[in-house]
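Residue strings, one per chain:
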Amino acid sequence: MLSPRIEDYLEELFLLESTGRSVTVTDLAERLKITKGTVTATVQKLVELELLNHERYGNLHLTDAGRQKGMTVFRRHEGFRAFFHELLGLDRDHSSEMACSMEHYVDNVTEERLYALLEYFRKARAEHQPWVDEVFLAIEKPILIVPVPLTLCEPGSSGAILRLTADEPLRKEIVNKGFVNGAEVKLISSDEQVFICKIGHNTFELPLNEAATIWIQQPSKS
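What counts, and at which threshold
- Residues numbered from 1 in each chain as written.
- Predicted model: local features only at pLDDT ≥ 70, side-chain atom pairs only at ≥ 80, totals over all residues.
- Heavy atoms only, no water.
- Salt bridge = Lys/Arg side-chain N within 4 Å of Asp/Glu carboxyl O.
- Helix = DSSP H or I, 4+ residues; strand = E, 2+ residues; numbered from the N terminus.
- Buried < 20%, exposed > 50% of the residue type's maximum accessible area, 1.4 Å probe, protein only.
- Phe/Tyr/Trp six-rings, centres within 6.5 Å; stacked < 30°, edge-to-face > 60°.

Section: the pattern of salt bridges
As enumerated under the stated definition, the model contains 13 salt bridges in all. The shortest N-O distance in the salt bridge between aspartate 8 and arginine 5 comes to 4.0 Å. With a gap of three residues between them, aspartate 8 and arginine 5 both fall in helix α1 (residues 4-17), about one helical turn apart. Looking at aspartate 8, the relative accessible area reads 21%, which means it is partly exposed. Note on arginine 5: relative accessible area 37%, which makes it partly exposed. Notably, a salt bridge pairs glutamate 111 with arginine 76, separated by 3.0 Å at the nearest N-O pair.

Structure representation (structure tokens):
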């Protein structure tokens, strides 16, 4: 497994190589905005990994393995950038920043499905499918429903129970009190150890260990 930093080097070397000009340590340092000394140390590591050839005091040349890895990282970057920009409507710079964060942590299957989704979306947009506009409208004005444990709800707030995460036999005890999926719960007050809430006309005092297992569905504050 290569570190994200090593993959960044390979991606930049691949991009520099694709311009058709010779690549030097100075070029790479300028591209990555770091010192030549730092680049030299990493270049040596790449040579040891047989991902790069370095002429003494001269040019850098990716090996076939290094070139393949550099292309893979670049391709994944482009896939995520397109996903954030074309599907989520984020601006190009932010999309690229997000892609840089995620390009190192995706496997081949995920990459293939990402590109399949992109191509499906692009085809639908080219055909002026009506659902494409509906997707953009939904993304621009999202109504997020975020589940949170009862322990993170504010007094006075309410919501439907989405799930219970307690193990048995505690789960059965909580269900027997009426805390079941879909039930509407209102948190009356809490002191970090005891949570007073209502379901219908019934009021309960739940200890922390029980309240933490009851997840409520609430609209996002954002």
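Side note on the packing of aromatic side chains
Counted according to the given criterion, the structure contains seven aromatic pairs. Seen in terms of ring centroids, phenylalanine 80 and phenylalanine 84 are 6.3 Å apart; in terms of plane orientation they differ by 20°. Their pairing is stacked. Placement of the pair is phenylalanine 80 and phenylalanine 84 together in helix α4 (residues 64-87), with a separation of four residues, close to one helical turn. Ring plane angle 75° and centroid distance 5.5 Å describe the contact between phenylalanine 83 and phenylalanine 84, whose orientation is recorded as edge-to-face. Residue classification places phenylalanine 84 among the buried residues on the basis of a relative accessible area of 6%.

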